[in-house]
Amino acid sequence: MIAALARASLTALLLMAGCANTPLYAPCDDGSECEDPSDGCYALLFDRSDGTQGSGNVCSRRCVTDSDCPGGLCLALRGDPSETFLCFETCAADRCFDPHACTPLDGATGSVCLP
C-alpha cells in the first residue's frame, strides 16, 4: 500500500512539474503550461500589414514598456479587440518558435515573432 501511494505521489509530482514547460514567446494551448516570466497563454487576433487577419496563441506577459519584455517589445496588435499590451519576441530572421514567423512591424522599426 505504501509503495502504491509513493508511486501515485511521484506520478502527481511529475504531472505538476510538466505543467510549466513552455518558454516565454513560444506557442501554447493553455496558460498553465507557460513558464515564468510569462503570466499566461494569450489568444491573439490581429491584422497583418497585407490586410489579412492573423491568429494564434503565445506564452507572453502583460507589459507597460519594452523593459518589461526580456528580448522583446511591448506592443498592442492592431485588430486585437482587447487592445492588450503584451511582450513579443524581437527577431532579425526566421528564428522564431515554429510555427511563428518573423514579421516586420507596420509603422515601426524592427520585426517580431507572430503566429
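Notes on the structure follow.

About the criteria used
Residues numbered from 1 in each chain as written. Predicted model: local features only at pLDDT ≥ 70, side-chain atom pairs only at ≥ 80, totals over all residues. Heavy atoms only, no water. Salt bridge = Lys/Arg side-chain N within 4 Å of Asp/Glu carboxyl O. Helix = DSSP H or I, 4+ residues; strand = E, 2+ residues; numbered from the N terminus. Disulfide = S-S within 2.5 Å. Buried < 20%, exposed > 50% of the residue type's maximum accessible area, 1.4 Å probe, protein only.

Comments concerning the pattern of salt bridges
- Summed over all chains, the structure comprises one salt bridge.
- The closest approach of N and O atoms between Asp106 and Arg78, which form a salt bridge, is 3.1 Å. Of the two residues, Asp106 is situated in the loop between strand S5 (101–104) and strand S6 (111–114) and Arg78 in the loop between strand S3 (72–75) and strand S4 (86–89); the sequence distance between them amounts to 28 residues.

Overview of the state of the cysteines
- Scanning all chains against the criterion turns up six disulfides.
- With a sulfur-sulfur separation of 2.0 Å, Cys28 is cross-linked through a disulfide to Cys41. Across the disulfide from Cys28 to Cys41, rotation about the S-S bond amounts to roughly 95°, and the bridge is consequently right-handed. With Cys28 in the loop between helix H1 (2–17) and strand S1 (40–47) and Cys41 in strand S1, this residue pair connects regions lying 13 residues apart in the sequence.
- Across the disulfide from Cys96 sits Cys113; the S-S distance is 2.0 Å.

Comments concerning unusual backbone geometry
- Asp36 connects to Pro37 through a cis peptide bond whose omega is 10°.
- For Pro37, the position within the fold is in the loop between H1 and S1.
- The omega angle of the peptide bond from Asp98 to Pro99 is 10°, so this bond is cis rather than trans.
- Topologically, Pro99 is positioned in the loop between S4 and S5.
- Its identity as a non-glycine residue notwithstanding, Tyr25 has a phi of 80°, on the positive side.
- Inspection of the secondary structure assignment puts Tyr25 in the loop between H1 and S1.
- Note on Tyr25: relative accessible area 6%, which makes it buried.
- Notably, Glu83 is not glycine yet its phi reads approximately 50°, a positive angle.
- Relative to the helices and strands, Glu83 resides in the loop between S3 and S4.

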